[in-house]
Amino acid sequence: MKLNNENLELLPQRLVKPSYDRRQVRQGIVHIGVGGFHRAHQAIYTEQLLNQGGAREWGICGVGLRAEDRAMRDALASQDYLYTLYELGDGADTQIQVVGSIGDFLLAEEGQEALIARLADPATRIVSLTITEGGYCTDDSSGEFLSELPEIRHDLEYPKKPTTVFGFLTEALARRRDAGVGPFTVMSCDNLPHNGRVARNALLGFAALRDRALHDWIADHVSFPNSMVDRITPMTSQTHRAQLQAETGVEDAWPVVAEPFIQWVLEDKFCNGRPAWEEVGVQFTDDVSPYEEMKIGLLNGSHQALAYLGALLGHQYAHETMQDTQLREYVRAYMDRDVTPLLAAVPSIDLEQYKDTLIERFSNTGICDQISRIGYDGSSRLPKFVIPTLLGQIEAGAPLQRIALIFAAWCQYQQGVDENGNAFQVGDPRVELVRQATRPGTDQVERVLALDLVFGRQIPASQAFVDAFRLQLERLQTLGVRKTLELTMADCV
Ligand code: NAD
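Residues numbered from 1 in each chain as written. Predicted model: local features only at pLDDT ≥ 70, side-chain atom pairs only at ≥ 80, totals over all residues. Heavy atoms only, no water.

Student: How should empty space enclosed by the protein be read in this particular structure?
Tutor: The rolling of a water-molecule-sized probe over the atoms marks out the regions of remaining empty space. The tally for this structure, following the rule as stated, stands at two cavities of 30 Å³ or more. In this structure, the largest cavity spans a volume of roughly 40 Å³. For the lining of the largest cavity, the secondary-structure elements that each account for two or more residues are helix 11 (318-323) and helix 13 (351-362). When the residues that make up the lining of the largest cavity are grouped by side-chain class, the tally is four nonpolar, three polar and two charged. Reported here for the second largest cavity is a volume of approximately 30 Å³. Along the walls of the second largest cavity sit Asp-190, Asn-191, Leu-192, Asn-195, Ser-227, Met-228, Val-229, Glu-292, Lys-295 and Ile-296, which together make up its complete lining. Elements with a minimum of two residues in the lining of the second largest cavity: strand 8 (227-230) and helix 10 (289-312). Across the lining of the second largest cavity, the residue classes tally to four nonpolar, three polar and three charged. In this structure, the lining of the second largest cavity is formed jointly by two domains, domain 1 (8-285) and domain 2 (289-491), each of which donates at least three residues. (1 Å grid on protein atoms, 1.4 Å probe; cavity = no way out; pocket = protein on both sides within 12 Å on 5 of 7 lines; lining within 4 Å. Points joined across faces, edges and corners; volume = space filled by probe spheres on them. Helix = DSSP H or I, 4+ residues; strand = E, 2+ residues; numbered from the N terminus. Nonpolar A, V, L, I, M, F, W, Y, C, P; charged D, E, K, R; others polar. Domains from an automatic or database assignment.)

Right under this line is the structure:
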């Protein structure tokens, strides 16, 4: 049965469905980047509030800035913006839920003016973002806004015809200021250390180039809460779609699949109100740093380790890497000995238990989380997920072979062939640049480490790291992954 408003009543009883009148909901949130994660996380917390009878002014209007967002918009529009959250796990704690919190969807390419007007409308009080780790146009090592990018130059030249997040937000905020309308909160939900701060620096970096007074107004009025967001959300595959339809009879053009686990820790810095998300399990705190350092270092850092080594061994899914004893032990050792010693105490969290849960979550055979997804865009992800740990280790004089293996594996992964000789697709928005730097050759190590965007300036200056990286790359190339893992586990006890 096709998913839409009309058929809601007819859907099987076991599905959780919107229990509120969708026509009564106004959209106070505009979300840019409606991929899988937003639909499995923020939209679900909001849906829970709506189901409890609250949040009537906090529905969500989705926004796509890229041509590729048309497919999602069309899929959702064809079913009144409803979609199914399909939880999959190895236990019994999963549910299937039809979600109604997204009520509209605008595409930038169908009209920049309509989108700017929506953002400038006083009814819009929060603009949230999941535009990926690479979407913030920021140099990771210096924190500087990359003002020379062609798309940024374009948006500065044509402020009324923007293409980037920063162009749209700045023009909308200019109109709000001029009209005496208050600001909106900019809430980044991307996996970045200090995501609110990064979003703020980027937006202010852009605004400063456009108009100093506007920059100052934004700096004084707009708030940018930091947040730690967590829920493993794979790409929806054809198998997932078919499985959902076979199980429920629901025809959903684009369901979202996720693990049962969900977590959101958020700073309470909202300049224009917010939903009462604390009523549905969101944890508000004054300082997100210890939570995000724990989560990004342990979860996202380990994901990088298992993606590149796993792909080289011919694995396709995260759970296969956890069934591989050698990889599981390596990843746990990375968590325990490399990341954990650098973490501050995290209020109300037992780190040992947290790591056990991570291994369990990575082992989830139900969701079939793709290694290709986890390994995507390593040139943006390594600097956020692994470099902070590496910098801490260099400073502490810790052994570096284990962490260096992640970078060596990433390098080897760029060749796009596993150890059984099977080719796989390497995904990175900067694929040409990365491929040039990582292609084999006598000066490979120097070329790789000269990739500023990944390593910055500090890392290549550490002789200990350069040596460990060279050793691990050489081992991978001459001895293969299994022998390298064996030697690495013996090196760093
Ligand atoms: P996705 O590929 O399903 O969606 C990505 C969305 O971002 C798309 O709408 C795309 O158009 C948009 N986008 C990409 N680059 C952009 C740019 N430069 N400007 C504007 N929009 C841009 O991915 P997803 O699974 O939804 O993940 C998105 C982000 O959410 C991740 O990069 C991560 O930071 C965060 N996140 C994801 C997960 C997860 O498990 N998938 C977990 C925690 C956090």
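Student: Looking at this model, I keep getting lost on the domain arrangement of the protein. Mind explaining?
Tutor: How big an interface is tends to be stated in terms of accessible area lost as the parts join. What the domain assignment reports for the protein is domain 1 (8-285) and domain 2 (289-491). A separation of 29 Å is found between the C-alpha centroids of domain 1 and domain 2. Each partner contributes residues to the interface: domain 1 has 31 residues there, and domain 2 has 32 residues. Regarding the contact of domain 1 and domain 2, the summed buried area is about 2500 Å², with carbon and sulfur atoms giving 54% of it. Area buried by domain 1 at its contact with domain 2 is led by Glu-133, Asp-140 and Ile-232, which between them contribute 22% of it. Counting across the domain 1 and domain 2 interface gives four salt bridges. Here Glu-259 and Arg-361 are joined by a salt bridge, their closest N and O atoms 2.5 Å apart. Inspection of the domain 1/domain 2 interface yields 13 residue pairs in polar contact (both at pLDDT 80 or more). For the side of domain 1 that touches domain 2, the secondary structure elements donating two or more residues are strand 8, strand 9 (256-258), strand 10 (263-267) and strand 11 (283-285). (Contact = heavy atoms within 4.5 Å. Buried area = accessible area lost by both parts, 1.4 Å probe. Salt bridge = Lys/Arg side-chain N within 4 Å of Asp/Glu carboxyl O. Polar contact = N/O pair within 3.5 Å; in protein donor to acceptor, adjacent residues only side chain to side chain.)

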